[in-house]
Amino acid sequence: MTLQEIVNSSKRIVFFGGAGVSTESGIPDFRSVDGLYNQKYDYPPEEILSHTFFMKKTDEFYRFYRDKMLCLSAKPNKAHLKLAEMEKKGILSAVITQNIDGLHQAAGSQNVLELHGSVLRNYCMECGRFYTAEDILNSEGIPTCSCGGVIKPDVVLYEEGLDNNTVTEAVKQIENCDTLIIAGTSLTVYPAAGMVRYFRGRNLVLINRDATPMDSQADLVIHEKVGEVLSEIKI
Ligand code: ZN
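Residues numbered from 1 in each chain as written. Predicted model: local features only at pLDDT ≥ 70, side-chain atom pairs only at ≥ 80, totals over all residues. Heavy atoms only, no water.

### Regarding the coordination of the zinc ion
Link 1 in the chain: At 2.3 Å from the zinc ion lie its protein donor atoms, namely C124 (SG), C127 (SG), C145 (SG) and C147 (SG).
Link 2 in the chain: What the 4 donor atoms of the zinc ion show is an angle range of 102 to 119 degrees at the metal, which sorts the shape as tetrahedral.
Link 3 in the chain: Mapped onto the polypeptide sequence, the residues donating to the zinc ion form the spacing pattern C-x2-C-x17-C-x1-C. With C124 in strand β4 (residues 117–124) and C147 in the loop between α8 (133–138) and β6 (151–155), the pair connects residues that are 23 residues apart, well separated along the chain.
Link 4 in the chain: A relative accessible area of 4% places C124 in the buried class.
Link 5 in the chain: Judged by relative accessible area, C147 falls into the partly exposed class, the value being 44%. (Donors = N, O, S within 2.8 Å, 3.2 Å for Na, K, Ca; no water. Tetrahedral: all angles 85-135°; square planar, octahedral: opposite > 155°, others 65-115°. Helix = DSSP H or I, 4+ residues; strand = E, 2+ residues; numbered from the N terminus. Buried < 20%, exposed > 50% of the residue type's maximum accessible area, 1.4 Å probe, protein only.)

Here it is, written out as structure tokens:
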């Protein structure tokens, strides 16, 4: 079956997306080779984006974070737009994403489960007051609350656990869909990768530039750019 035929025969699609969904909007994938070691930083991104590093070297964390993570001018691409359209037509029940850029919501998607949080939400660690991404971008050094507390992005850092409610809802969505489209992820990041095991529907579709460990289990595998593939779907 083609992707179009699968979509045509599906009543409840769930989309599970990784970094590859946002790279076409110009947001770098930190697990890709070229993103890894930047001369401007003394530590690899995996270390900077860890809970320990945030607590110990907060100013260095924010130097990297403002420079590399806050891509506030990025726009939704063809993948985000098509998924929002599919939700409006009532054939897509949820987008589960590993991305933290808020681009699905910017495209109009309503039910977005952000496994790794969002750069658009930031909270004071002392009083819980909310701050926008612009507040963080426009601050200098360590962003602090009016109460004096340090502000932390609502982003799941390395060493931190995922939000239980988000995971529970994502599993529920995967268990109850007839088609699961996994795209833009190498499916190697735990625990997100393990969530795919809950799928018991009819069609498992994988869209990723490179091969993944799950290719052999999928009903349809497409090794192309996510935006190109999704934009061709007619609904
Ligand atoms: Zn505060």
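### Concerning the layout of surface pockets
Link 1 in the chain: Of the pockets and cavities examined, the second largest pocket occupies roughly 210 Å³.
Link 2 in the chain: Lining the second largest pocket we find 17 residues, and of these G117, D154, V155, V156 and D163 sit closest to its centre.
Link 3 in the chain: At the level of elements, β4 and β6 are the ones that each hand at least two residues to the lining of the second largest pocket.
Link 4 in the chain: Take the lining of the second largest pocket: its biggest share by element is 4 residues, from β6.
Link 5 in the chain: Considering only residue class, the lining of the second largest pocket consists of 7 nonpolar, 4 polar and 6 charged. (1 Å grid on protein atoms, 1.4 Å probe; cavity = no way out; pocket = protein on both sides within 12 Å on 5 of 7 lines; lining within 4 Å. Points joined across faces, edges and corners; volume = space filled by probe spheres on them. Nonpolar A, V, L, I, M, F, W, Y, C, P; charged D, E, K, R; others polar.)

### Some points on helix α9 (residues 164–175)
Link 1 in the chain: When the terminal C-alpha atoms of α9 are compared, their 16 Å separation across 12 residues agrees well with the 16 Å that a helix rising 1.5 Å per residue should span.
Link 2 in the chain: Taken as a whole, α9 has its buried residues at T166, A170, V171, Q173 and I174. Buried residues of α9 fall within an arc of 160 degrees about the axis and therefore sit on the same side. Set apart from the buried face of α9 by more than 90 degrees, the exposed residues are N164, N165 and T168.
Link 3 in the chain: Turning to α9, the residues buried within the fold contact β1 (13–17), β2 (92–97), β3 (112–114) and β7 (179–183). (Expected span 1.5 Å × (residues − 1). Arc of directions from axis to C-beta. Contact = heavy atoms within 4.5 Å.)

### So, a nonpolar patch on the surface
Link 1 in the chain: Where nonpolar side chains cluster on the molecular surface, the patch consists of L72, L120 and L137 and spans about 210 Å² of accessible area.
Link 2 in the chain: Counting through the fold element by element, L137 comes out in helix α8.
Link 3 in the chain: L137 gets classed as partly exposed once you look at its relative accessible area, which sits at 36%. (Patch = residues over 30% accessible without salt bridge, like charges linked within 9 Å, V, L, I, M, F, W, Y side chains within 5 Å. Areas by Shrake-Rupley, 256 points an atom, 1.4 Å probe, with all protein chains shown as cover. Salt bridge = Lys/Arg side-chain N within 4 Å of Asp/Glu carboxyl O.)

### A word on the pairing of β1
Link 1 in the chain: For β1, the buried fraction is high: 5 of the 5 residues fall into the buried class.
Link 2 in the chain: Neither face of β1 is exposed, since I13, F15 and G17 on one face and V14 and F16 on the opposite face are all buried.
Link 3 in the chain: The sheet contact formed by β1 and β2 spans 5 bridges and is parallel. Paired with F15 across the bridge in β2 is V95. (Pairing = 2+ DSSP bridges.)

### Considerations on the pairing of β4
Link 1 in the chain: Alignment of β4 against β6, held across 5 bridges, turns out to be antiparallel. Among the inter-strand pairings, Y123 is bridged to a residue of β6, identified as K152.
Link 2 in the chain: Here β4 pairs with strand β5 (residues 130–131) via 2 bridges, running antiparallel. Note that in β5 the partner of Y123 across the bridge is F130.
Link 3 in the chain: Linking two consecutive strands that pair antiparallel, namely β4 and β5, is a turn of 5 residues; a positive phi of about 80 degrees is found at G128 within it.

### Some words on the sheet that holds strand β8 (residues 203–207)
Link 1 in the chain: Spatial strand order, β3-β2-β1-β7-β8-β9: 6 strands in an open sheet with parallel pairing. Edge positions in the sheet fall to β3 and β9 (220–222), since each has one partner strand and no second. Looking at each pair of strands side by side, their axes are set apart by 15 degrees on average, direction ignored.
Link 2 in the chain: This element, helix α6 (residues 78–88), spans β1 and β2 of the sheet and lies at about 145 degrees to β2.
Link 3 in the chain: α9 rests against β1, β2, β3 and β7 of the sheet, and its axis sits at about 130 degrees to β3. (Axes fitted to C-alpha atoms, helices over the stretch in contact; angles between N-to-C directions.)

Honestly, that's just the spatial picture; any functional story needs more than this.
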